[in-house]
Amino acid sequence: SEPHLLNHFNIKPREYFLQITRFEPENNPLLTIQAFNRLQTDKKLVLIGGAKYLSRYAKKILLTQDKRVILPGFIYDKNLLRELLTNCLAYIHGNEAGGTNPALLQAMGCGALVIARDVIFNREVLRHAGLYYEKKIDDLVEKMSWVINNEPYLESFRKRAQEIIASDYQWDHVVNRYEALLFQLALNK
């Protein structure tokens, strides 16, 4: 069945890139827009999020002139977010600071093809189930173009991401690993 919540943004499944993030430099939403602006495509970019305070950086994002870019602000509706993640052509994960990111896990669990910033903690989570880009506009343009031109190959990435989530990021698995760690620590005392 056709995802009905997408109609709110006038988008269709697999016809848009998606990024959900705070508008902060370490999350690279401006880089995503700059790369997308260079693409010759009728696909769209849905950039969900915003900034608590309207910094100069956030203003640059909000001033984009590209009519293909949709900036709905923050969205908290879980059903809408799930539908957006499940149906995007690719999810851009620009975070380059921190550790295991819940947004990355959620995108993977929804079966989104992820194009992630090439940093160690994103590689530790996503592994071989996505694409990686350097902090360069041209590199992200190249990865986005590859996705547009290689749609038949994308499903295998999506399935691998869901398999990683199913095997390593379920509560039973996490609890068992913590129990094993605590048991090992107790033995070493």
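Above this text sits the structure in question.
The structure displayed is predicted, hence computed values, not measured ones.

S.K.: When you look at the overall build of the chain in this model, what are you seeing that I'm missing?
M.R.: Within the chain one finds eight helices and six strands. Against the compact-globule benchmark of 16 Å for 189 residues, the chain has a radius of gyration of 18 Å, which places it among compact chains. Overall, the C-alpha framework of the chain stretches about 60 × 40 × 30 Å when taken along its three principal axes. Within the span of the chain, comprising 189 residues, buried residues form 46% of the whole. Of all intrachain contacts in the chain linking residues separated by at least 6 positions in sequence, the fraction that spans at least 24 positions is 70%.

S.K.: What is the right way to read the pattern of salt bridges from this model?
M.R.: Pairing between side chains becomes possible if they bear opposite charge and their charged atoms approach one another. As enumerated under the stated definition, the model contains eleven salt bridges in all. In this structure, the salt-bridge partner of E96 is K135, at a minimum N-O distance of 3.1 Å. Residue E96 is found in the loop between strand 4 (90-93) and helix 4 (102-109), and its partner K135 is found in the loop between strand 6 (131-133) and helix 6 (137-149); the two are separated by 39 residues along the sequence. Look at E96 and you get partly exposed, because its relative accessible area is 23%. One continuous salt-bridge network, built from bridges that share partners, spans E15, K43 and E151.

S.K.: Can you help me understand a nonpolar patch on the surface in this one?
M.R.: On the surface, a cluster of nonpolar side chains totalling about 430 Å² of accessible area is made up of Y178, L181, L182 and L185. Structurally, Y178 can be placed in helix 8 (residues 171-187). On the accessibility criterion, Y178 (52% relative accessible area) is exposed.

S.K.: So what exactly am I meant to see when it comes to the sheet that holds strand 2 (residues 44-50) here?
M.R.: Sheet strands pair by backbone hydrogen bonding; their relative direction is either parallel or antiparallel. The strand order across the open sheet built from six strands is 3-2-1-4-5-6, with neighbouring strands paired in parallel fashion. Both edges of this open sheet fall to strand 3 (69-73) and strand 6, since each of them pairs with a single strand only. Across this sheet, the average inter-strand angle for adjacent strands is 20 degrees, counted without regard to direction. Pairing between strand 5 (residues 114-117) and strand 6: three bridges, direction parallel. Across the sheet, I115 pairs through a bridge with L131, a residue of strand 6. Where helix 1 (residues 29-38) meets the sheet, its contacts fall on strand 1 (16-22), strand 2, strand 3, strand 4 and strand 6, and the angle it forms with strand 2 comes to roughly 165 degrees.

S.K.: I'm lost on the nonpolar core in this one. Help?
M.R.: Generally speaking, a soluble globular protein has its nonpolar side chains buried in company with each other. Residues I11, Y16, L18, L84, Y91, M108 and V114 are the most contacted members of the largest nonpolar core, which totals 29 residues. Contributing elements (two or more residues each) for this core: strand 1, strand 2, helix 3 (78-87), helix 4, strand 5, helix 5 (120-126) and helix 7 (151-168). The biggest single contributor to this core is helix 3, with four residues. Setting aside anything within four residues of it in sequence, one finds Y16 in contact with L6, I11, K44, V46, E83, L84, N87, C88, L89 and A90. Core analysis: the second largest hydrophobic core is formed by 27 residues, F23, L45, L89 and L140 among them.

What counts and what doesn't
Residues numbered from 1 in each chain as written. Predicted model: local features only at pLDDT ≥ 70, side-chain atom pairs only at ≥ 80, totals over all residues. Heavy atoms only, no water. Helix = DSSP H or I, 4+ residues; strand = E, 2+ residues; numbered from the N terminus. Rg over C-alpha atoms; globule rule 2.2 N^0.38 Å. Buried < 20%, exposed > 50% of the residue type's maximum accessible area, 1.4 Å probe, protein only. Contact = heavy atoms within 4.5 Å. Salt bridge = Lys/Arg side-chain N within 4 Å of Asp/Glu carboxyl O. Patch = residues over 30% accessible without salt bridge, like charges linked within 9 Å, V, L, I, M, F, W, Y side chains within 5 Å. Areas by Shrake-Rupley, 256 points an atom, 1.4 Å probe, with all protein chains shown as cover. Pairing = 2+ DSSP bridges. Axes fitted to C-alpha atoms, helices over the stretch in contact; angles between N-to-C directions. Core = buried A, V, L, I, M, F, W, Y, C linked by side-chain atoms within 4.5 Å.

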